[in-house]
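# Survey of secondary and tertiary structure
Chain by chain, the residues:
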Amino acid sequence: MIEVVGLGKRYGRTTAVRDLSFTVRPGRVTGFLGPNGAGKSTTMRMILGLDRPSSGHALIDGTPYRELRHPLRKVGALLDARWVHPNRSARDHLRWLARTNRLPPGRVDEVLDQVGLTAVARKRAGGFSLGMAQRLGIASALLGDPEVLLFDEPVNGLDPEGIAWIRGLMRGLARQGRTVFVSSHLLSEMSQTADELIVIGQGKLISQSTVSEFVAAATEHTVRVRSPQVERLQKALVHKGATVEQDGATLVVGGLSSAEIGELAAAHGVVLHELNPQRGSLEEAYMRLTAGAVEFGTS
Amino acid sequence: MNLLAVERIKLFSTRSPWFCMIGALGLTVGFASILAIKSEHVSVGATQGMYLLGLMVVMVMSTLAVTTEYRFGTIRTTFQAVPRRTGALLAKTTVVALVAGLVGEVAAFGSLGAAKLLQPGAALSLSTAADWRAVAGSGLVYALAGVMAVAVGVLVRQSAGAVAILLVVPLLVENLVGLIPDLGAKIQPWLPFQAAGAFLRGTHEGAPYSPWGALAYFAVLAAVLLGAALVVAKKRDA
């Protein structure tokens, strides 16, 4: 379990992360969603003890990362697949990493096999394609057989096959009861991989919910209504507590379903020419939500 | 012990440290060999003539051991695996210093041995304490310079910057300071590589320290730099 409590990070006068609190639970994939520059990587670096928070703290099963005795056995992370010396072989890279946490040398070959890099284990990591580098990064994350895993934008730049592989891997790890925390700036990606979503914008928490709750809330629809008796209908709708925008003979109604509007119109004897539910796209809703955070952030 | 093994794997699993070590030995021993062939009266001190050049190469190796980690991001992986950064960096410093010291000893005795082999008639036995210091002392200077190079690498984090500092200070700045009238001669003994040289070559009349005092001073400078580097690395975001 990862607990983030009031986490903040300032660089001089700019604030990258402000007062962020959330919990990442085991047994599911938790998506960390936000536009580029929202503070996702900074938050992950603070969870891993790489960056010092300006305020608040992050705990791994109740312990700050820096106090873990053999952190790789508890937490595996892939922050950037290019963090490898290009002239060192994949196997040597994992060999020194295994040694830091007293992991048996046999683990190196196990994880290389698990990510399908055995054939190129002795090749220079600098010659790897992005997909292979990503696999090496995942091998380093899995090295200590950790309960908690963090992946920062793991599918960026991968081909469809690589994306499918990573999705399957993350879901498999969560099924084994591990805590899987994965960031992305793409909602479509997250909606296919994650069970739960933590959404941030401008370094602030926007929501933490299940994916289906987020989708339902984010795409909460409006209804387009056309009627020759708009004024009467509008009065009735407002009375019912709906939000109404008028554009000539057309009303855009929020807060009521099309069924409720139709029944209301019938009760008031209003003729309807059109009754059309408008479902916003998920991406649109996400942009609206995070754009709101931008305005909020600068006020 | 574990962290020492980690740093040993890191250092020897890429090629550039090997090139640097071979380069340092080639320069020093090669120069001593040429000198021995050309001169029948080659002395112990003369065989060590290229010590500073070999030292430069070893310092480049030492600082690259750190700056390449910053360049390629492996320092973050390291700190992620070993959150006690001081321990991780001390292990690296120790491994680098041991390797640098070993290269220094091999370079010094290799130079002497090559000269002996090529000019058997020359007076090349280590008969005085000063002779021993001039040769065996190289390893100590190389090891301490390795510590300084690691510290500069941690502080600067950039290969080009760190290498420039480590080459320009001993080869250029320290010599130019001597050109300042009056003051230059007073400051010069307190410059790090002048002190290291005084330890190996012996001190002049009126020097502010004995040869071993000069080495102690050099060691203090290395320790201060290393201390600063450890403090900075601990506080800084990786």
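Refer to the preceding data block for the structure.
It should be emphasised that the depicted structure is a prediction, and the values quoted were computed from it without experimental measurement.

In terms of helices and strands, chain A carries eleven helices and 13 strands. In terms of overall size, chain A is more extended than a compact globule, its C-alpha atoms giving a radius of gyration of 24 Å where 299 residues would be expected to give roughly 19 Å. Dimensions of chain A, computed from C-alpha atoms along their principal axes, come out at roughly 80 × 40 × 30 Å. Per-residue burial for chain A yields a buried fraction of 49% across its 299 residues.

Within chain B, the regular secondary structure consists of eleven helices and zero strands. In chain B, the order of α-helices and β-strands from amino to carboxyl end is α-α-α-α-α-α-α-α-α-α-α. In terms of overall dimensions, chain B is globule-like: its C-alpha atoms have a radius of gyration of 19 Å, near the 18 Å expected for 238 residues. By principal-axis analysis of the C-alpha atoms, chain B measures approximately 60 × 45 × 30 Å. The buried share of chain B, reckoned over its 238 residues, is 53%.

Moving on, we get to the pattern of salt bridges. Where charged atoms of side chains with opposite charge meet at close range, the side chains can pair. Counting across every chain of the model gives 19 salt bridges over all chains. Here Glu274(A) makes a salt bridge to Arg226(A), at a shortest N to O gap of 3.1 Å. Of this pair, Glu274(A) sits in strand 13 (residues 274–278) while Arg226(A) sits in strand 10 (residues 222–226), and the two are 48 residues apart along the sequence. Residue class for Arg226(A) comes out partly exposed when judged on its relative accessible area of 33%. Residue Glu7(B) pairs with Lys92(B) through a salt bridge whose shortest N-O separation is 2.8 Å. Remark: Lys92(B) occurs in helix 6 (residues 85–118) and Glu7(B) occurs in helix 1 (residues 2–12); sequence separation between them is 85 residues.

On to a positive patch on the surface, then. Together, Arg69(A), Arg73(A), Arg99(A), Arg102(A), Arg8(B) and Arg84(B) make up a positively charged patch on the protein surface. Positionally, Arg73(A) belongs in helix 2 (residues 71–74).

All names here are of chain B. Interhelical geometry of helix 4 (residues 51–72) versus helix 8 (residues 159–177) gives an angle of 155° and a closest axis separation of 9 Å. It follows that helix 4 is roughly antiparallel to helix 8 by the angle criterion. When the axes of helix 4 and helix 8 are compared, the crossing they make is right-handed. On helix 8, the residues that touch Leu-52, Met-56, Met-59, Val-60, Thr-63, Leu-64, Thr-67 and Thr-68 of helix 4 are Ser-159, Ala-162, Val-163, Leu-166, Leu-167, Pro-170 and Leu-171. Across the contact of helix 4 with helix 8, the residue classes tally to eleven nonpolar, four polar and no charged.

The partner chain A presents 30 residues to the 26 residues of chain B that form the contact. Summed over both sides, the interface between chain B and chain A buries roughly 2,600 Å², with carbon and sulfur atoms accounting for 56% of that surface. When the area that chain B buries against chain A is broken down by residue, the three leading residues are Asn2(B), Phe72(B) and Gln80(B), summing to 24%. Linking chain B with chain A are one salt bridge. When the shortest N-O distance is used, the salt bridge between Lys9(A) and Asp237(B) registers 2.8 Å. For the side of chain B that touches chain A, the elements supplying multiple residues, two or more each, are helix 1, helix 4, helix 5 (74–81) and helix 11 (211–235) of chain B. Counting residues per element, the side of chain B that touches chain A draws most heavily on helix 5 of chain B, which supplies seven residues. For the side of chain B that touches chain A, the class distribution of residues is nine nonpolar, nine polar and eight charged.

All names here are of chain A. The sheet built from six strands is open, its strands ordered 5-6-7-3-8-9 with mixed pairing. The open sheet terminates on both sides in strands that have one partner only, identified here as strand 5 (75–78) and strand 9 (204–210). Strand-to-strand, the axes of this sheet are offset by a mean angle of 15°, without reference to chain direction. Pairing geometry for strand 3 (residues 28–33) and strand 7 (residues 179–184), over six bridges, is parallel. Residue Val-29 lies in a different strand from strand 7, and its bridge partner there is Val-180. Contacts from helix 5 (residues 130–142) reach strand 5 and strand 6 (148–152), with the element oriented near 165° to strand 5.

Conventions and cut-offs
- Residues numbered from 1 in each chain as written.
- Chains lettered and ligands numbered in written order.
- Predicted model: local features only at pLDDT ≥ 70, side-chain atom pairs only at ≥ 80, totals over all residues.
- Heavy atoms only, no water.
- Helix = DSSP H or I, 4+ residues; strand = E, 2+ residues; numbered from the N terminus.
- Rg over C-alpha atoms; globule rule 2.2 N^0.38 Å.
- Buried < 20%, exposed > 50% of the residue type's maximum accessible area, 1.4 Å probe, protein only.
- Salt bridge = Lys/Arg side-chain N within 4 Å of Asp/Glu carboxyl O.
- Patch = residues over 30% accessible without salt bridge, like charges linked within 9 Å, V, L, I, M, F, W, Y side chains within 5 Å.
- Areas by Shrake-Rupley, 256 points an atom, 1.4 Å probe, with all protein chains shown as cover.
- Lys, Arg positive; Asp, Glu negative; His and termini not counted.
- Charge placed at Lys NZ, Arg CZ, Asp CG, Glu CD.
- Axes fitted to C-alpha atoms, helices over the stretch in contact; angles between N-to-C directions.
- Parallel < 35°, antiparallel > 145°, perpendicular 65-115°, else oblique.
- Left-handed = near helix turned anticlockwise from the far one by under 90°.
- Contact = heavy atoms within 4.5 Å.
- Nonpolar A, V, L, I, M, F, W, Y, C, P; charged D, E, K, R; others polar.
- Buried area = accessible area lost by both parts, 1.4 Å probe.
- Pairing = 2+ DSSP bridges.

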